[in-house]
Each structure stands twice: as structure tokens, then as C-alpha cells.
Amino acid sequence: MMSSKEALSLMELHAHLNGSVSFSTIEKLVARKPHLNIEHGMTAIRSGQRRTLDECFQVFKVIHQLVDTEEDILMVAKDVIREFAADGVKYLELRSTPRKEKTTGMTKRRYVETVIEAIRQCKNEGVDIEVRFLVAVDRRNGAEVAMETVKLAEDFMLSTGGLVVGLDLSGDPTVGHGRDFLPALQKAKNCGLKLSLHLSEVPSQADESELLLNIPPDRIGHGTFLHPEVGGSQSLVDKVRKHNTPLELCLTSNVKGQTVSSYSQHHFLYWYQMGHPSVICTDDKGVFCTDLSQEYQLAASTFNLSQEDMWTLSHKAIDCTFAPDLQQQLHQKWLELQPTLFQL
Ligand SMILES: CC(C)=CCNc1ncnc2c1ncn2[C@@H]1O[C@H](COP(=O)(O)O)[C@@H](O)[C@H]1O
Ligand SMILES: [Zn+2]
């Protein structure tokens, strides 16, 4: 019989590639680069540990040092895809920021090509998961780079037969202002890329969120401080509701990054009670030492959700993907798995 773990964590829509690198992959990378003197404590935040947002972003810098060649990217992407599949994920949207590394000769174009190659190799090797890719814009790099990234994403959307489906806006939310990225985001939307934007991940960003919600995005990452009880506003909530924009919610990430004080205080409850489309995701399963089935279990134990509630939650996520061509196939898979789970 299918275990509930396998059956429930069907859909992962918010996973940053370099934040998803597991302990065993880190070990392989460290062995390739012993001179860097990196220990695992520097690349992950273990259970019970919390870090400031700033400290969390330092962790990505360490991982980026370890992952700086095409060979590394290929291994990391394949390992991450296999690990999600082993956790029961049937559909994965990976996102990553194309990086140029002068010392190794890696270009942004080769970076994306290598991730695409990893997706294709996993498919050819029969890994039971569908993977799509979102090209990420790091706010730290400013508006000009954002525009270049959109052009790159558009090229790949056209040349990969639909594997590149969208654009992500992420990076340290305290750096830069969303208004600077509006032209790039608008261009991305106009050329057919779907938009997933990290929004109100930290307090006091109501103005920025208002601007970004006017685009409007196709999905929202976190949205931790959108609602009035936490310093957002009813007008922001109304905008999200009007467009029925799904939220990608990452419980452990927010608790360990200390933007949410405890699991029970997570804004999942606010949106879930409203019946608003909300998708449970991992964000950075490597850095935060979690996986998707653990996040579902945490949501269930914290908010008293039944097996069936969780199943419905993962089923509804199918309508939030950026791959409409796969939705029918995924619904079919859901129908096949359901009787096994509930022993109907
Ligand atoms: C600090 C913290 C609580 C992290 C979780 N929340 C996040 N918020 C914004 N951007 C993120 C977050 N997690 C990962 N990223 C982005 O993803 C990158 C790592 O994956 P990649 O190199 O794009 O493949 C980071 O450098 C950052 O730009
Ligand atoms: Zn994120």
C-alpha cells in the first residue's frame, strides 16, 4: 500500500535550488573543495535553531561557494530532483538564480542550460516526477540585471519546449525596492512567463506589496505580513482575494528565519480559514533541514488537519501550477492515488 507520506506531498511549488541541497550532497561538494574548509553547520539550520534573516542569507553565500561549476550544478539539481521524488513529490517547480562565476568560466546561460539538462536526465532515467523551472531574479542585483534575466528566461521559455515556465523575484527582502523591478516584471508577464513574487516576507512593506500586487503576480511567496493583524492592510488582502492569487506558504522557513514567532502563529491559518488557495512548500529544504512531507505533517499537527484535509490541500495545489499542460495528468494521478490512501 502507498504510504501516506508518499501520497500527500504531491506538489512542490516553491523550492530554491541552492537552498534545497541536502546534507549528503553538501558532503560530496565539500569533498570536491576541501580547501574551502566548509562544515555542514555553515550550510544548514538544524531543528530548534533559529537565525536572523541576515544570517540565513549568509548561508546561501556559503552554499554558492560550494556550487560554482557546471558539474556542481548538474549534480546538485539531479540530487535535489531525486530527493523530492523520493519524498513522494510528483510535480516540482524548481527556481534558481542564474550565476556567472569568473573563476570557473560558468556563464548565466550555461547555468540555466545545466539545470535544464539535469531535468532532462532525470526524466530519461525514469525518475517519477515532472519538473518545471522558474528563473529567479535576486533583488540584490538591481533592475538592469533583472531585465537581462527576463530576456534569458524568455529565450529559454521558447527553446526548452515549456520547461521554463516563469520568473521568480526573491533575495534579501530588505535590499532594494520592488518599484525598481516593475518594468522587468511587466516585460516577463507580457512575454508569457508566469510570475511568482516573494512579497511582504518582512514587515513594513505594504507600499511595495501594493505596487507588486497591481501587476498582478500569478502566485505569491510567503505574504507573511499582508493581512491587517500583522501590519499589512485590508486593501492588500482584498487585492489578493480579487485575483484569487495563490500563496506559497513555507512554515519551517518562516519560523527558523524568525519572521513568524512559532508554528501556531503562522499565517497559514488566516488564509486557510478564508478558503484562499494556499500551497504548502519547503522554500529551502536543505538549509532548513526539512522536506515536503514533514511540512504537511507540521501543518496537520499544528492546525488540527485531518488526512483528508491535507489530501484536499495537496489536490488543490494542482490548479496553482504554472504548467496547465500537465494539470489533467496530475488530476488523473490524484484520482488513482486517492483510493489507495483512504482504502475506499
Ligand atoms: C533567509 C530566509 C529565511 C530564507 C527564506 N526566504 C527566502 N527569501 C528570499 N529569497 C530566498 C529565500 N530563500 C532562498 N532565497 C533566494 O534563493 C537563493 C538560493 O537559491 P539559488 O541560488 O537561487 O538556487 C538565495 O540566494 C536567495 O536569493
Ligand atoms: Zn523563497
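- The name an unreviewed UniProt entry gives the protein is Adenosine deaminase domain-containing protein, with Oncorhynchus tshawytscha as the organism.
- Recorded in UniProt under Sequence similarities (unreviewed entry), the annotation for the protein is "Belongs to the metallo-dependent hydrolases superfamily. Adenosine and AMP deaminases family."

Examining the site of ligand 1
Right, so step 1: Near ligand 1, the surroundings consist of 21 residues, among which H64, S96, T97, E201 and D284 are the closest.
Right, so step 2: Here D283 contributes a side-chain N or O atom positioned 3.3 Å from a nitrogen atom of ligand 1.
Right, so step 3: Within the complex, the protein chains bury 98% of what would otherwise be the 600 Å² of accessible surface of ligand 1.
Right, so step 4: Here the shell around ligand 1 gets five residues from one element, more than from any other, and that element is helix α3 (residues 53-66).

Here's the deal with the environment of G161
Right, so step 1: Inspection of the secondary structure puts G161 in the loop between α6 (142-159) and β4 (164-170).
Right, so step 2: Along the backbone, G161 and P339 are 178 residues apart, and their C-alpha atoms lie at a distance of 34 Å.

Remarks on the coordination of the zinc ion (ligand 2)
Under perfect tetrahedral coordination by four donors, a metal shows angles of 109.5 degrees; under perfect octahedral coordination by six donors, it shows angles of 90 or 180 degrees.
Right, so step 1: For the zinc ion (ligand 2), the protein coordination sphere consists of H14 (NE2), H16 (NE2), H198 (NE2) and D283 (OD), at 2.1 to 2.2 Å.
Right, so step 2: Around the zinc ion (ligand 2), the four donor atoms sit at angles spanning 80 to 167 degrees, and that spread fits a shape best called irregular.
Right, so step 3: As a motif over one chain, the donors of the zinc ion (ligand 2) read H-x1-H-x181-H-x84-D. One end of the pair, H198, is in strand β5 (residues 194-199); the other, D283, is in the loop between β8 (278-280) and α12 (292-303), and 85 residues separate them in sequence.
Right, so step 4: Under the relative-accessibility criterion, D283 is labelled buried at 4%.

Some details on the pattern of salt bridges
Right, so step 1: The final tally for this structure, using the stated rule, is 26 salt bridges.
Right, so step 2: Ionic pairing is found between E125 and K78, a salt bridge with its closest N-O pair at 2.8 Å. Of this pair, E125 sits in the loop between α5 (108-124) and β3 (130-138) while K78 is found in helix α4 (residues 70-86), placing the two residues 47 residues apart along the sequence.
Right, so step 3: The exposure class of E125 is partly exposed, given its relative accessible area of 44%.
Right, so step 4: Here E154 makes a salt bridge to K187, at a shortest N to O gap of 4.0 Å.

What to know about the confidence of the model for the protein
Right, so step 1: In this model, the protein carries an average pLDDT of 94, and 96% of its residues clear a pLDDT of 70 or more.
Right, so step 2: Taken as a whole, residues 1-6 scores under 50 in pLDDT and shows 13 contacts with residues more than four places along the chain or in a different chain.
Right, so step 3: In the predicted complex, the global pTM is 0.97; the interface-specific ipTM is 0.99.

A word on the packing of aromatic side chains
Right, so step 1: As enumerated under the stated definition, the model contains five aromatic pairs in all.
Right, so step 2: Between Y270 and W271, the ring centres sit 5.2 Å apart and the planes meet at 75 degrees, which makes this aromatic pair edge-to-face. Here Y270 and W271 have matching classes, each one buried.
Right, so step 3: With a centroid separation of 5.6 Å and an interplanar angle of 15 degrees, the aromatic rings of W311 and W334 are classed as stacked. Taken together, the residues span a long stretch of sequence, with W311 in helix α13 (residues 307-316) and W334 in helix α14 (residues 324-342) at a distance of 23 residues.
Right, so step 4: The buried category is assigned to W311, whose relative accessible area is 1%.
Right, so step 5: Relative accessible area serves as the criterion here: at 11%, W334 is assigned to the buried category.
Right, so step 6: Aromatic ring contacts, followed pair by pair, group F268, Y272 and F303 into a single cluster.

What about the packing of helix α8 (residues 206-213) against helix α9 (residues 234-243)?
Right, so step 1: Two elements in contact, α8 and α9, have axes whose closest approach is 10 Å; the angle formed by their N-to-C orientations is 25 degrees. In terms of orientation, α8 and α9 fall into the roughly parallel class. The chirality of how α8 crosses α9 is left-handed. Contact residues: α8 offers A206, S209, E210 and L213, while α9 offers S235, L236, K239 and V240.

Examining the side chain of H16
Right, so step 1: Among the structural elements, H16 can be located in strand β1 (residues 11-16).
Right, so step 2: Beyond its immediate sequence surroundings of up to four residues, H16 is in contact with R95, D168, S170, H198, D283 and D284.

Things to note about α4
It helps to recall that an α-helix has 3.6 residues per turn; residues three or four apart then point in one direction.
Right, so step 1: An ideal rise of 1.5 Å per residue puts 24 Å on 17 residues; α4 measures up with 24 Å between its terminal C-alpha atoms.
Right, so step 2: Residues of α4 that are buried in the fold lie against β1, α2 (23-32), α3, β2 (91-96), α5 and β3.
Right, so step 3: G88 sits one or two positions beyond α4 and adopts a positive phi of about 100 degrees.

What about the pairing of β2?
Right, so step 1: Counting buried residues along β2, six of its six residues qualify, which places the element largely inside the surrounding structure.
Right, so step 2: Pairing geometry for β1 and β2, over four bridges, is parallel. Bridge pairing links A15 to L94 in β2.
Right, so step 3: Assessed by its sense of winding, the connection that carries the chain from β2 through α5 to β3 is right-handed.

Cut-off values and rules
- Residues numbered from 1 in each chain as written.
- Chains lettered and ligands numbered in written order.
- Predicted model: local features only at pLDDT ≥ 70, side-chain atom pairs only at ≥ 80, totals over all residues.
- Heavy atoms only, no water.
- UniProt positions renumbered as here; feature names shortened; annotations may be inferred.
- Near = heavy atom within 4 Å.
- Polar contact = N/O pair within 3.5 Å; in protein donor to acceptor, adjacent residues only side chain to side chain.
- Areas by Shrake-Rupley, 256 points an atom, 1.4 Å probe, with all protein chains shown as cover.
- Helix = DSSP H or I, 4+ residues; strand = E, 2+ residues; numbered from the N terminus.
- Donors = N, O, S within 2.8 Å, 3.2 Å for Na, K, Ca; no water.
- Tetrahedral: all angles 85-135°; square planar, octahedral: opposite > 155°, others 65-115°.
- Buried < 20%, exposed > 50% of the residue type's maximum accessible area, 1.4 Å probe, protein only.
- Salt bridge = Lys/Arg side-chain N within 4 Å of Asp/Glu carboxyl O.
- pLDDT = per-residue confidence, 0-100.
- Contact = heavy atoms within 4.5 Å.
- Phe/Tyr/Trp six-rings, centres within 6.5 Å; stacked < 30°, edge-to-face > 60°.
- Axes fitted to C-alpha atoms, helices over the stretch in contact; angles between N-to-C directions.
- Parallel < 35°, antiparallel > 145°, perpendicular 65-115°, else oblique.
- Left-handed = near helix turned anticlockwise from the far one by under 90°.
- Expected span 1.5 Å × (residues − 1).
- Pairing = 2+ DSSP bridges.
- Right-handed = clockwise from strand over helix to strand, strands pointing away.

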